[in-house]
Amino acid sequence: MSMPLSSASEPHATGLPLTVGTPLCVDLDGTLVKSDTLVDSTLALARQHPLLLLQLPRWLAAGKASLKQHITAAVALDVTHLPYNRELIQFLEQQHAAGRPLYLATAADKALAERVAAHLKIFSGVLASDGTVNLAGRNKLAAFQSRFGDDFSYIGNAAPDLPLLMHCKAPMVANPDASLRAGLKKAGVVPVRTFNDRTTGLKAWLKAIRLHQWAKNVLIFLPVLLAHNWDLGLMAGSLMAFLSFGLCASATYIVNDLLDLEADRKHVKKRRRPFASGDLSAISGVLVVGLFLLASLAIAVLLPSVVAHVSPESALAFPHKFLIWLCLYAVTTSAYSFWLKRMVLVDVIVLSGLYTVRIIAGAAATGIPISPWLAAFSIFFFLSLAFVKRFAELESLRLRGAAPANGRGYLLADIEQLRSFGSASGYVSVFVLTYYISNLEGASLYSHPTRLWLLLPVLLLWISQLWLLASRGQLNEDPVVYAITDRRSLLLGVLLVIVILSAL
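Residues numbered from 1 in each chain as written. Predicted model: local features only at pLDDT ≥ 70, side-chain atom pairs only at ≥ 80, totals over all residues. Heavy atoms only, no water.

**Q** Describe the sheet that holds strand β3 (residues 125-129), naming the residues involved and giving the relevant values.
**A** The strand order across the open sheet built from 6 strands is β3-β2-β1-β4-β5-β6, with neighbouring strands paired in parallel fashion. Strands at the two margins of the open sheet, each flanked by one partner only, are β3 and β6 (193-195). The average angle at which neighbouring strand axes cross in this sheet is 20°, direction not considered. One ladder, built from 4 bridges, connects strand β2 (residues 102-109) with β3; its direction is parallel. (Pairing = 2+ DSSP bridges. Helix = DSSP H or I, 4+ residues; strand = E, 2+ residues; numbered from the N terminus. Axes fitted to C-alpha atoms, helices over the stretch in contact; angles between N-to-C directions.)

**Q** Tell me what's going on with the nonpolar core, and back it up with residues and numbers.
**A** In this structure, F245, L303, F322, F381, L433, W462 and L475 are the most contacted members of the largest nonpolar core, which totals 90 residues. Ignoring anything within four residues of it in the chain, the contact list for F245 reads N217, I220, F322, W325, L326, Y329, V357, R358 and A361. Listed in part, the 28 residues of the second largest apolar core include L24, L102, M172 and A174. (Core = buried A, V, L, I, M, F, W, Y, C linked by side-chain atoms within 4.5 Å. Buried < 20%, exposed > 50% of the residue type's maximum accessible area, 1.4 Å probe, protein only. Contact = heavy atoms within 4.5 Å.)

**Q** Residues and numbers for unusual backbone geometry, please.
**A** In the Ramachandran plot, N175 falls in the positive-phi region, its phi being about 45° despite a non-glycine side chain. Judged by relative accessible area, which is 6%, N175 ranks as buried. You will see that R210, though not glycine, has its phi angle at about 50°, which is positive. We classify R210 as buried; its relative accessible area is 11%.

**Q** Tell me about the packing of helix α1 (residues 37-48) against helix α3 (residues 64-74), and name the residues and values.
**A** Look at α1 against α3: their axes get within 10 Å of each other, and the N-to-C directions meet at 50°. Considering their axes alone, α1 and α3 lie oblique with respect to each other. As for how α1 packs across α3, the hand of that crossing is left-handed. For the pair α1 and α3, contact is made by L38, S41, T42 and L45 and by K64, K68, I71 and A74, respectively. (Parallel < 35°, antiparallel > 145°, perpendicular 65-115°, else oblique. Left-handed = near helix turned anticlockwise from the far one by under 90°.)

**Q** Tell me what's going on with the pattern of salt bridges, and back it up with residues and numbers.
**A** Using the criterion set out here, one finds 18 salt bridges in the structure. Between R86 and D197 there is a salt bridge, with the nearest N and O atoms lying 2.7 Å from each other. One end of the pair, R86, is in helix α4 (residues 86-97); the other, D197, is in the loop between β6 and α9 (202-208), with 111 residues separating them in the sequence. The exposure class of R86 is exposed, given its relative accessible area of 60%. Note on D197: relative accessible area 9%, which makes it buried. (Salt bridge = Lys/Arg side-chain N within 4 Å of Asp/Glu carboxyl O.)

**Q** Pulling in residues and values, what's your account of the side chain of S384?
**A** Structurally, S384 is set in helix α16 (residues 372-400). Of note is the side chain of S384, whose polar atom sits 2.8 Å from the backbone oxygen of G422. Every residue in contact with S384, bar those within four places of it in the chain, is listed here: G422, S425, G426 and W467. (Polar contact = N/O pair within 3.5 Å; in protein donor to acceptor, adjacent residues only side chain to side chain.)

**Q** Give me a positive patch on the surface: which residues, what numbers.
**A** A cluster of basic side chains, namely K203, K207, K269, R271, R272 and R400, defines a positive patch on the protein surface. Assessed through its relative accessible area of 44%, R271 is described here as partly exposed. (Patch = residues over 30% accessible without salt bridge, like charges linked within 9 Å, V, L, I, M, F, W, Y side chains within 5 Å. Areas by Shrake-Rupley, 256 points an atom, 1.4 Å probe, with all protein chains shown as cover. Lys, Arg positive; Asp, Glu negative; His and termini not counted. Charge placed at Lys NZ, Arg CZ, Asp CG, Glu CD.)

**Q** Report on the environment of H81, specifying residues and quantitative values.
**A** Structurally, H81 is set in the loop between α3 and α4. Given a relative accessible area of 35%, H81 falls into the partly exposed group. Distance from H81 to K266, taken between C-alpha atoms, is 6.4 Å for residues 185 residues apart in sequence. Sequence-distant contacts of H81, that is, excluding residues within four places in its chain, are made with R265 and K266. Among the polar contacts made by the side chain of H81, one reaches the side chain of D78 at a distance of 2.8 Å.

**Q** I'd love a proper account of the pairing of strand β4 (residues 153-156), names of residues and values included.
**A** Burial along β4 is two-sided: the residues S153 and I155 and Y154 and G156 are all buried. Pairing analysis gives 3 bridges linking strand β1 (residues 24-26) to β4, with the strands arranged parallel. Looking at β4, one finds that C25 is bridged to Y154. In the sheet, β4 pairs with strand β5 (residues 172-174) via 2 bridges, with the strands oriented parallel. Bridged to I155 within β5 is M172. In this fold, β4 hands off to helix α7 (residues 162-167), which returns the chain to β5; that crossover is right-handed. (Right-handed = clockwise from strand over helix to strand, strands pointing away.)

Next up, the structure:
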């Protein structure tokens with residue numbers, strides 16, 4: 001294959017490749033936009049019209065261009081909030097102001113491409129798939145040569161763009177993937193400019209799997225800790241259950257983020273999430289979900305045999321009970337991601353229930369039953385946290401003068417009612433704790449049970465502080481993040497531990 005007519009390595013002191021008279025063609029997916037609009041549209045289809053997913057094989061049978069046309073017709077992707085490559089956009093705006101003709105050239109469906117072009121208002125024309133021809137690779141090159149001859153520049157990001165970059169003048173790349181970089185190196189093509197606007201690597205993945213949310217899974221250790229049972233086999237079972245739930249939870253967080261891409265991109269904070277911002281591809285997210293779920297199930301299946309091996313006398317009477325609770329958790333969180341989170345009040349009941357499920361799963365992993373007092377306390381306490389999460393979201397919108405747009409069904413007028421629901425639930429949980437401390441069954445586990453009464457003012461202080469900050473609009477929308485990052489909350493947590501240890 002021949003090299004481009006002009007040297008790609010020639011210097012350009014101004015940073016503007018060649019003459020502004022040379023048409024500049026810009027790819028869409030992965031280049032102008034950091035995500036893949038076909039994948040984004042398919043995820044929107046899964047959320048808005050899940051039954052239409054059954055039509056995908058039939059649409060694909062007619063060709064990839066036909067598939068794109070049908071999906072684009074079924075869902076209207078919000079082009080105003082797509083994760084655009086900011087550095088590239090700035091460069092294109094400069095080129096447009098200098099009078100250079102710009103063309104949006106993409107394998108995406110023409111209807112979607114035209115909406116993107118209309119939004120940005122910098123393109124002279126659009127070349128895109130038309131339902132019959134998929135404008136990618138060789139097809140795109142043929143379209144360019146038919147329209148521009150050999151007088152065009154191109155900006156791409158992936159291996160299918162290699163033929164175009166080899167034939168164009170002053171090739172440029174944006175967030176190039178490894179396969180394109182390798183192909184360019186092999187072909188001896190040096191891009192005159194690279195537009196990088198992406199946070200990748202471990203930092204992005206740690207943010208995507210929400211490792212900090214694994215703090216919730218500490219609840220799994222409660223049954224064995226409150227029973228004061230330090231058997232090595234049961235501790236090993238609790239640790240495996242913690243890992244299994246953590247992997248499963250991270251998988252469901254990714255699924256939730258993928259289904260909520262459009263809503264997150266409109267949110268002042270959530271738009272910075274790795275998938276919403278385009279820092280991580282949705283395809284890689286799907287692969288990680290599958291990997292995490294398989295690992296989670298494998299750990300759950302192995303858990304009973306590990307407990308029996310470490311402590312034969314502690315072998316579980318119902319070996320697969322933890323696996324059942326793990327599957328229930330996975331199914332419930334999936335239902336939450338698809339439907340339940342858009343059902344007013346049902347969503348908070350489910351969220352609080354998922355906290356309690358962690359405790360029950362911990363009991364199943366160790367064979368230690370939980371007391372009704374612990375179950376009742378957790379239901380009301382975590383219901384308060386679920387309500388404060390929704391309350392904080394609405395309060396943040398109210399302070400910004402915005403209206404709810406995430407489809408959850410809550411109104412700004414619901415703020416006061418949510419405050420009353422949530423604060424009442426928090427105080428009821430403390431009331432339940434007083435009955436637990438008074439109960440002889442609970443008190444018999446401690447040498448100094450009266451010291452446990454000191455737990456009450458500490459919990460009352462934390463719950464009251466949580467709701468006071470939420471009412472002031474000063475609370476992060478996730479109370480778990482607040483609990484593990486706020487210094488005062490951490491000090492109160494240490495105080496709770498000291499009180500419990502002193503009562504032993």
